[in-house]
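# Chains, contacts and geometry: an overview
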Amino acid sequence: MIPAKFDYVRPTSVEEAVTALRDGGEDAKILAGGQSLLPVLRLRMAAPSVVIDLGGIPELRRIAEDGDRIAIGAMAAHHDVMRDDLVKQHVSLLGQATETVADPQVRHRGTLGGALAHADPAGDLGAAALALDAEFVILGADGTRVVPAAEFFTDYFTTAIGEAEILTQIRFPKYTGWKTHYEKFNRTAQAWSMVAIAVALKVDGGTISEARIGLTNMGSTPIRATGVEQALVGQAAGKDVAKAAAEHVTEGTHAPSDADAAADYREHLAKVLTGRAVLTAVG
Amino acid sequence: MTTTAEPTTTEIGKSRVRKEDARLIAGRSRYTDSITPPGTLHIAVVRTTLARATITSIDKSEAEKSPGVHGVYTAADLGAEAVGMPCAWPVTPDQKAPQRPVLGIGRVSFSGEGVAVVVARSMAEAKDAAELVEVDYDPQDAILDMEAASKDGADLVHPDLGTNVSATWQFDSKAMGTGDSVDDAIKEAESDPDSIVVRRRFRQQRLIPAFMEPRSCVVDPTGEQITIWSATQVPHILRTMTTVTLGIPESKLRVIAPDVGGGFGGKIGVLPEEMLCVLLAQKLGKPVKWTETRSESMLTAHHGRDQIQDLTITAKKDGTITGLDVHLLADMGSYLGLVGPGVPILGAFMFNAIYKIPALKFTCSNVFTNKTLTDAYRGAGRPEATFGIERMMDELAVELGRDPMELREQNWISHEEFPFTTVAGLTYDTGNYEQATARAMELFDYAGLRREQEERKRSGDPVQLGIGISTFTEMCGLAPSRVLGSLDYGAGGWEAASIRMLATGKVEVITGASAHGQGHETAFSQIVADQLGVPFEDVEILHGDTQVSPKGLDTYGSRSLVVGGIAIVNAAEKVVAKAKKIAAHLLEASEDDLEFANGTFTVKGTDKGKAIQEIAFATFMAHDYPEDMEPSLDSDAVFDPENFSYPHGTHLAAMEVDTDTGRVTLRNYVCVDDIGNVINPLIVEGQVHGGLAQGIAQALFEEANYDEQGTLVNATFVDYTIPSAADLPSFTTESMSTAATSNKLGVKGVGEAGTIASTPAIVNGVLDAIRHLGVTEIEMPTTSQRVWRALQVAKGGNPMETPSDTHSPGAGLGSIDPNNPKGEVL
Ligand SMILES: Cc1cc2nc3c(=O)[nH]c(=O)nc-3n(C[C@H](O)[C@H](O)[C@H](O)COP(=O)(O)OP(=O)(O)OC[C@H]3O[C@@H](n4cnc5c(N)ncnc54)[C@H](O)[C@@H]3O)c2cc1C
């Protein structure tokens, strides 16, 4: 279908983009990969007055080492994230979650920043970002601020990004050598998650010394499964441990009900999948 | 005198890559939406989101002021209040048929129905203005449950009809003299300790045909004939029906179906939007174009299936079936489609399938509800019947403690018994169920999988294995015109063909079949190349334009090859007969002394000869030809078959069920189909693969869900889950052939086989995997949630039904409730 009329600008620097955003006022919208925004426009669920395309700012696509962190530009496409060697080496969980997003076409267009800014509770990247304590670099007219993942996701489709602000970069601490896995359950092979579990474990001599677990689509935002994390730490990684720890996964969640899965079924899935994800991660 | 020797078959049987594909894949195709005559105006239909309401007012004023708008019209503004869309299949003399208006008049009967139309300079302007039309409604509770709707005293979808039951159609083998009485069979079985009665209820969920190219129509009124381009399967029927509907003389209409991107039955209708384009083009004197959006398509293009099946089968305890009683409720939606009422009725003849069932009764009531209308969808009536009987065979096997394949074999028609006249009155010409089954079981490793299944059961493996069987047949090649007449169908079932021999020896073949993705151009070229002995490359297939192909009944019901293909053969034979006369004249020989092979007429016992392409040139020059004939080789033929054709096959599915999550995985699928002689094995394989995907999708993935207000909640591809290649295994498909005797090529038709056969194979397999855990039935689609819940119930757990109509707060845009786009939990 055809979107309602809008103005289009394609700035070549982030500063220009912020200015355009401020000038555009309330109705201005950022365009990243367009994989979520364009359908919204075409279904006429949104009618922005101006669309600001970040596609003309090459620096936003960069993936680089930044001291003890991996810094990923907001406009890095899913495809580039999952293929990147730094990501594979230091943030493998993010790469694994990204591989499960949709199909190759969508992954070539959609971006890490766009997905996180869109904040669909069924999206796959929020749980990984949350589990890994990513930092969100946000630029506004007053300069840059950094928001920790725990404060970034605030509600369905809502984040800490302010009205005239742009997410420019997502920074991940290095988890070199961690055992990771993203376990996704969906209705068809390339669909969104009904439930998914992001697991990163530090295993020393067979014992789990640190655990980071994020949940997809178990509430209005990605959720950190702290109960499971605590139950795993200090334990030998094995079947019974995983199963017992998985029982904690529903703590603090508010699983939604929809046509694919009612809340009770989601909760059940979360338990089964957590057990599997832990075991797969440790290998 | 026979006019031809056996044609040399160098092309038939060859796996030629489809010649139309390069064009389609490279984007050189021309779909209706790519056609925009100069000065075209675009329309957007204003649609209601309510399923049942009276219209209290329509305010067009804002829309009329919107930039680029030419006008905004209701049915009354167009003088079209009396126009009703045609239904060509009155299944009973007293069938109740409401007027199906081009735009709702005074009321709306399903969510998505048009109430006004905006005409503007561009599509975008039309869409903008459509949002400004203010319609006030007085909403009423939607009537959605066909069972409740069919009861006396129910609220009425169309009060003037006095009932929601459009028609009740019955077939009783006793009354028809084709078999015994089912009522007697049931009575006897009930009182006989050596017999058994099995009753089951199955639901055929509602499906959306989901063709790739959305529907589109362009009407240009500026010529002597009004030209209609439409993304339709049925250009010829569209022309006739436009005359029937609007009264425009047929001779003043030219209909063109350019490249059409899929249909699956979904483009068999004649649309209100097509008629709106004609009316507006005539009124405004300018070309008018309509192209739907995907969601518009899912909401308003006709849906398929949607039946409740109550089945009773009776059998001796030794496994011999004695009777089958079929009671159907079929949801028509809010109006009757072009052939919608007849779709469930087609199933009447297929419930007995490949089995020797002595008594059959079939009763079907067609019911109105406030939903999108239903009509043909790949298989049309036959998948429903095949599902019913193949599920019942498994249920009977369970009740009797028998192997389901062995029970089938005990009851099926053995290959020595053909031709076999069934309890439904059809005569199956050929088939060999034993051979197809034996081959399929071998390819599948039936015995090995049964062992693995036992092993998994014994060890309590969380992943259980089930084997699903479907031994199907179908009647295809719609159809013998007289049979259609006896079913009160509003048309015949013949097909037409013409062959034109061009001066340079090239061949133009005109067919009344209207391809929309099947590969006709390739398969028909192969047939003609063999018949005439000319190179494949020299044959051009022309179709889909009533100026080029004035006569035809189009493409549906697996009829193009078995009816249209035979018309082409007949036309080719006439060409050869004419050419032979001229060849004899030029070679100064008697016709009897000529033989025709590889495209050349030779005088027997000599090396004197002439190629048919040379004769074409000589005929064009016309300097020297026999006195008693016209200088032309061109020939026409119309073929009306005397019988349907009856492909059959054995389909086997290995289903894994993860009992921890409910996830169902199709591990392996084998089918061996007898589709008669094969023209192009590659095209056959493609048809089978696509058909399987669609049938499997019904079993596992697809369902059109309505909420309590009657809103279709999954009107995008995010929510209406059609599978992709990533969801399906690599199929093992083989074909075997017992040639059909009902046509010269011995072909049977393959377009629907995969869809018809596969659905019950999958569901039988899912149940076979977990029946020992206490699960006896799972409604389609057998999603992980439904399977998991069935397992919980079997364990005595929470029987809570999951609502199927709730909007997801997340999971993509399609799930976003239009009334609550942010997904706020209210
Ligand atoms: C068919 C399909 C299937 C999909 N399946 C999945 C899936 O399985 N899992 C999954 O996680 N995702 C899935 N997605 C979504 C995909 O990951 C999208 O890429 C993502 O949601 C949005 O990213 P984008 O770059 O396309 O952003 P856009 O669509 O361009 O923007 C999305 C929103 O974020 C805002 N935005 C974008 N960038 C910024 C920025 N830098 N600063 C501030 N605001 C910004 C936009 O204004 C807009 O509101 C699917 C999408 C499609 C079309």
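For the structure itself, look to the data block above.
Residues numbered from 1 in each chain as written. Chains lettered and ligands numbered in written order. Predicted model: local features only at pLDDT ≥ 70, side-chain atom pairs only at ≥ 80, totals over all residues. Heavy atoms only, no water.

The next point concerns the packing of helix α12 (residues 263–282) of chain A against helix α21 (residues 784–794) of chain B. It is the contact of α12 of chain A with α21 of chain B, at a shortest axis distance of 11 Å, that shows an interaxial angle of 90°. The angle between the axes of α12 of chain A and α21 of chain B places the two elements in the roughly perpendicular class. Contacts between α12 of chain A and α21 of chain B involve Asp-264, Tyr-265 and His-268 of chain A on the former and, on the latter, Ser-784, Gln-785, Trp-788 and Arg-789 of chain B. (Axes fitted to C-alpha atoms, helices over the stretch in contact; angles between N-to-C directions. Helix = DSSP H or I, 4+ residues; strand = E, 2+ residues; numbered from the N terminus. Parallel < 35°, antiparallel > 145°, perpendicular 65-115°, else oblique. Contact = heavy atoms within 4.5 Å.)

Before going further, it helps to examine the state of the cysteines. Residues and elements named next belong to chain B. Counted according to the given criterion, the structure contains zero disulfides over all chains. Not engaged in a disulfide, the cysteine Cys-217 finds its nearest cysteine sulfur in Cys-277; these two sulfurs lie 4.2 Å apart. Overall, the relative accessible area of 0% leaves Cys-217 in the buried class. With no disulfide partner, Cys-476 has as its closest neighbouring cysteine sulfur the one in Cys-671, 15 Å distant. Among the residues examined, Cys-476 registers a relative accessible area of 1% and is labelled buried. (Disulfide = S-S within 2.5 Å. Buried < 20%, exposed > 50% of the residue type's maximum accessible area, 1.4 Å probe, protein only.)

What follows deals with the site of the ligand. Residue and element names in this part refer to chain A. The local shell around the ligand holds 29 residues, among which Ile-30, Gly-34, Leu-37, Thr-111 and Asp-124 are the closest. A distance of 2.8 Å separates an oxygen atom of the ligand from a polar backbone atom of Ala-32. Thr-111 is positioned such that a nitrogen or oxygen atom in its side chain is 2.6 Å from an oxygen atom of the ligand. When the ligand is considered free in solution it has 970 Å² of accessible area, and contact with the protein chains removes 90% of it. When contributions to the shell around the ligand are tallied by element, the ones reaching two or more residues are β2 (28–31), α7 (112–118) and β10 (166–173). Broken down by element, the shell around the ligand gets its largest block of residues, four residues, from α7. Looking at the shell around the ligand, its residues break down into 16 nonpolar, ten polar and three charged. (Near = heavy atom within 4 Å. Polar contact = N/O pair within 3.5 Å; in protein donor to acceptor, adjacent residues only side chain to side chain. Areas by Shrake-Rupley, 256 points an atom, 1.4 Å probe, with all protein chains shown as cover. Nonpolar A, V, L, I, M, F, W, Y, C, P; charged D, E, K, R; others polar.)

All names here are of chain B. Inspection of the secondary structure assignment puts Gln-464 in strand β18 (residues 463–473). Given the relative accessible area of 3%, Gln-464 is considered buried. Within the structure, the side chain of Gln-464 is placed 3.0 Å from the backbone oxygen of Arg-456, a separation counted as a polar contact. Side chain to side chain, Gln-464 and His-772 meet in a polar contact 3.3 Å long. Excluding residues that lie within four positions of it along the chain, Gln-464 makes contacts with Arg-456, Lys-457, Met-655, Glu-656, Val-657, Thr-659, Ala-769 and His-772.

Once that is clear, we can look at unusual backbone geometry. Residue and element names in this part refer to chain B. The peptide bond linking Phe-418 to Pro-419 adopts the cis configuration, its omega dihedral lying at -10°. Relative to the helices and strands, Pro-419 resides in the loop between α12 (404–411) and β16 (420–421). Here the amide bond leading from Met-780 into Pro-781 is cis, since omega sits at -10°, within 30 degrees of zero. Secondary-structure assignment places Pro-781 in the loop between α20 (753–770) and α21. One non-glycine residue, Arg-305, lies in positive phi territory at about 55°. With respect to the helices and strands, Arg-305 occurs in strand β13 (residues 304–316). Although it is not a glycine, Asn-598 sits at a positive phi angle of roughly 50°.

All names here are of chain B. Burial analysis of strand β27 (residues 664–674) places eight of its eleven residues in the buried class, the great majority of the element. As defined by bridge partners, strand β26 (residues 648–658) adjoins β27 across ten bridges and the pair is classed as antiparallel. Pairing of Leu-652 across the sheet is with Val-670, part of β27. In textbook terms, the turn of a hairpin is the stretch between consecutive antiparallel strands, and for β26 and β27 this stretch comprises five residues, one of which, Gly-662, has a positive phi near 85°. Where β27 and strand β28 (residues 732–736) come together, five bridges link them in parallel fashion. In the sheet register, Asp-674 faces β28, and the bridge partner there is Met-736. As for the winding sense of the linkage, the β-α-β connection from β27 through helix α19 (residues 681–700) to β28 is right-handed. (Pairing = 2+ DSSP bridges. Right-handed = clockwise from strand over helix to strand, strands pointing away.)

All quantities given are derived from atomic positions and should not be read as evidence of function.
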